[in-house]
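Structural features, examined
Spelled out, the chains give:
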Protein chains: 2
Amino acid sequence: MARLPERVSVALPEWLTERLSSLPDALTEAQAVDLTLELARQNFEQDTGGPFAAVVLEKASGRLVSVGVNRAVPESCSSAHAEVTALSLAQQALGSFDLGGKGFPEHALVVSWRPCVMCFGALIWSGIRTLVTAGSGPELERLTGFDEGAMIDDWQGALRARGIEVKDAVALDRAIDVVRAFSESGRLVYNARRG
Amino acid sequence: MARLPERVSVALPEWLTERLSSLPDALTEAQAVDLTLELARQNFEQDTGGPFAAVVLEKASGRLVSVGVNRAVPESCSSAHAEVTALSLAQQALGSFDLGGKGFPEHALVVSWRPCVMCFGALIWSGIRTLVTAGSGPELERLTGFDEGAMIDDWQGALRARGIEVKDAVALDRAIDVVRAFSESGRLVYNARRG
């Protein structure tokens, strides 16, 4: 007689699960950035979510732990941003809520665009030790109308104060290209709740 | 050959799923506040997560849409805060990423304690139209050592600017009692990543 829902479930899209076994075991940071930009573009072109992707890596070895893309609309889950998806997949694969916990090597999160305010919080709680963003800055909101939420100005400082290294906008032009291609495709800008 | 994880899954604890069918179909706002405080306390006492709970209601009718509790540690998912869990359950039950979308009545989120910075973002993207917090303020961080993240000072104003009504700290003393009981129980304060 369970009227009320009991379980949340968010899955990667089929094109991506088919791709997983052909991904390399380990990636350099630059390769991970390339991968997020490729997956971000493919995700909206395949109509399986917004133009965002994220990967979790072991920092020292580059071992690929998880890949995530935005799944908010197709999975009916506004929290299923690429970052939350990748971090949750990594944590459940490793069996821990804390990727920085005892017994684990340090982990990095690589993202195609800087985190919104929700994902900014999510990555603090995740235990990652490095954030790498391909793109960052006002272009996303300007080009697409997405709202990134009300964030403190010095969000990078707040991460660094919590022991998280930040490498911001390391592939800005290419990241903006993905965002622009999304915008020009005329696809849905979901979650654009503005004042 | 899927080496990499493909699906995230977060479930309510068994004591709560057993309870669901005996919950009323509709609640007043005050009853919803009482329920979040009761579930928040039970969640840590049962060792099924942190001392936080949230419910989603239809604003006008009070119809109960979902209940959530913090599931971060037991589900190996640091994003599985009570708010994200309740909002995601509601969205997947209704089949939409946007609880404020066309064809839906307005929804409210009622929480046992004010949202952390991640959940602040999550509730913006969720489409809810009202936030009610039982407790709010510095006591959580002071009593427990939980970090709520780096949030803008006027977080309530940022919500109101996005069309979300805020009723803050409507049952502060009782909410603090829950937080204090958690603190005195000596249970794990997870996610306390501080500078």
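Residues numbered from 1 in each chain as written. Chains lettered and ligands numbered in written order. Predicted model: local features only at pLDDT ≥ 70, side-chain atom pairs only at ≥ 80, totals over all residues. Heavy atoms only, no water.

**Examining the interface of chain B and chain A**
Listed per partner, the contact involves 67 residues of chain B and 67 residues of chain A. Summing the contributions of chain B and of chain A, the shared interface buries around 5700 Å²; its carbon and sulfur component is 57%. Put simply, chain B and chain A have four salt bridges between them. The residue Asp-25 of chain A makes a salt bridge to Arg-3 of chain B at a minimum N-O spacing of 3.0 Å. The interface formed by chain B and chain A contains 26 residue pairs in polar contact (both at pLDDT 80 or more). No other element matches helix H4 (residues 117-126) of chain B, which puts eight residues into the side of chain B that touches chain A. The residue makeup of the side of chain B that touches chain A, split by class, is 33 nonpolar, 22 polar and twelve charged. (Contact = heavy atoms within 4.5 Å. Buried area = accessible area lost by both parts, 1.4 Å probe. Salt bridge = Lys/Arg side-chain N within 4 Å of Asp/Glu carboxyl O. Polar contact = N/O pair within 3.5 Å; in protein donor to acceptor, adjacent residues only side chain to side chain. Helix = DSSP H or I, 4+ residues; strand = E, 2+ residues; numbered from the N terminus. Nonpolar A, V, L, I, M, F, W, Y, C, P; charged D, E, K, R; others polar.)

**Quick notes on the confidence of the model for chain A**
On average, residues of chain A score 93 in pLDDT, and 96% of them reach the 70 mark or higher. In the predicted complex, the global pTM is 0.96; the interface-specific ipTM is 0.95. (pLDDT = per-residue confidence, 0-100.)

**What about the pattern of salt bridges?**
Residue and element names in this part refer to chain A. According to the stated counting rule, one finds 22 salt bridges over all chains in the structure shown. Residue Arg-180 pairs with Asp-177 through a salt bridge whose shortest N-O separation is 3.6 Å. Taken together, the residues span about one helical turn, with Arg-180 and Asp-177 both in helix H7 (residues 172-185) at a distance of three residues. Judged by its relative accessible area of 35%, Arg-180 falls in the partly exposed class. Overlapping salt bridges bring together Lys-59, Glu-106 and Glu-165 as one network. (Buried < 20%, exposed > 50% of the residue type's maximum accessible area, 1.4 Å probe, protein only.)

**As for the nonpolar core**
Grouped together as the largest cluster of nonpolar side chains are 137 residues, with contacts concentrated most on Val-67 and Phe-120 of chain A together with Val-67 and Phe-120 of chain B. Once residues lying within four places of it in the same chain are set aside, the contact partners of Phe-120 of chain A are Pro-115, Met-151, Ile-152, Trp-155, Ala-158 and Leu-159 of chain A together with Val-117 and Ala-150 of chain B. (Core = buried A, V, L, I, M, F, W, Y, C linked by side-chain atoms within 4.5 Å.)

**A few points about the relation of the copies chain B and chain A**
Expressed as a screw transformation, the operator carrying chain B onto chain A has a rotation angle of 180 degrees and an axial translation of 0.0 Å, and the superposed copies differ by an RMSD of 0.0 Å. These values place the two chain copies in the arrangement generated by a two-fold rotation axis. Both copies present the same face, since 100% of the interface residues in chain B are matched by interface residues at the equivalent positions in chain A. (Least-squares fit on C-alpha atoms with pLDDT ≥ 70 in both.)

**Let's talk about the packing of helix H3 (residues 82-94) of chain A against helix H4 (residues 117-126) of chain A**
All names here are of chain A. Interhelical geometry of H3 versus H4 gives an angle of 20 degrees and a closest axis separation of 9 Å. Looking at the two axes, H3 sits roughly parallel to H4. The handedness of the crossing between H3 and H4 is left-handed. Each of Glu-83, Val-84, Leu-87 and Gln-91 in H3 lies in contact with H4, whose residues at this interface are Met-118, Cys-119, Ala-122, Leu-123 and Ser-126. Among the residues making up the contact of H3 with H4, the classes are represented as six nonpolar, two polar and one charged. (Axes fitted to C-alpha atoms, helices over the stretch in contact; angles between N-to-C directions. Parallel < 35°, antiparallel > 145°, perpendicular 65-115°, else oblique. Left-handed = near helix turned anticlockwise from the far one by under 90°.)

**A closer look at the side chain of Thr-85 of chain B**
Assignment of secondary structure puts Thr-85 of chain B in helix H3 (residues 82-94). Among the polar contacts listed, one links the side chain of Thr-85 of chain B to the backbone oxygen of His-81 of chain B, at a separation of 2.8 Å.

**Description of the side chain of Glu-83 of chain A**
All names here are of chain A. With respect to the element layout, Glu-83 can be found in helix H3. In this structure, Glu-83 is buried with no salt-bridge partner, the nearest side chain bearing the opposite charge being Arg-114 at 8.2 Å. Leaving out residues up to four positions away in the same chain, Glu-83 has contacts with Ala-54, Leu-109, Val-111, Trp-113, Arg-114, Pro-115, Cys-116 and Cys-119. (Lys, Arg positive; Asp, Glu negative; His and termini not counted.)

**Some thoughts on unusual backbone geometry**
Despite not being glycine, Asp-47 of chain A has its phi angle at roughly 60 degrees, a positive value. Looking at the secondary structure, you find Asp-47 of chain A in the loop between helix H2 (29-45) and strand S2 (53-58). Despite not being glycine, Ala-169 of chain B shows a phi value in the positive range, around 60 degrees. One can find Ala-169 of chain B in the loop between strand S6 (165-167) and helix H7 (172-185). For Ala-169 of chain B, a relative accessible area of 26% translates into the label partly exposed.

**Concerning the pairing of strand S1 (residues 7-11) of chain A**
Every regular strand shows the same layout, with side chains that alternate between the two sheet faces. Counting buried residues along S1 of chain A, four of its five residues qualify, which places the element largely inside the surrounding structure. Where S1 of chain A meets strand S1 (residues 7-11) of chain B, five bridges bridge the pair, whose relative direction is antiparallel. Looking across to S1 of chain B, one finds that Ser-9 of chain A is bridged to Ser-9 of chain B. (Pairing = 2+ DSSP bridges.)

**Remarks on the packing of aromatic side chains**
Per the counting criterion, the structure on display carries six aromatic pairs over all chains. Ring geometry for Phe-44 of chain A and Phe-182 of chain A: centres 5.4 Å apart, planes at 85 degrees, overall edge-to-face. Of this pair, Phe-44 of chain A sits in helix H2 while Phe-182 of chain A sits in helix H7, and the two are 138 residues apart along the sequence. Residue Phe-44 of chain A shares its accessibility class with Phe-182 of chain A, and that shared class is buried. Ring centres of Phe-146 of chain B and Phe-182 of chain B lie 5.7 Å apart, and the angle between their planes is 25 degrees; this geometry places the pair in the stacked category. With Phe-146 of chain B in the loop between helix H5 (139-144) and helix H6 (155-161) and Phe-182 of chain B in helix H7, the pair connects residues that are 36 residues apart, well separated along the chain. Taken individually, Phe-146 of chain B and Phe-182 of chain B each receive the classification buried, so the pair is uniform in this respect. Among the aromatic residues, ring-to-ring pairing joins Phe-44, Phe-52, Phe-146 and Phe-182 of chain A into one connected group. (Phe/Tyr/Trp six-rings, centres within 6.5 Å; stacked < 30°, edge-to-face > 60°.)

**Some points on H4 of chain A**
Within H4 of chain A, ten of the ten residues are buried, which leaves it mostly tucked inside the rest of the structure. Taken from the residues just after H4 of chain A, Gly-127 of chain A is the one with a positive phi, measuring 90 degrees.

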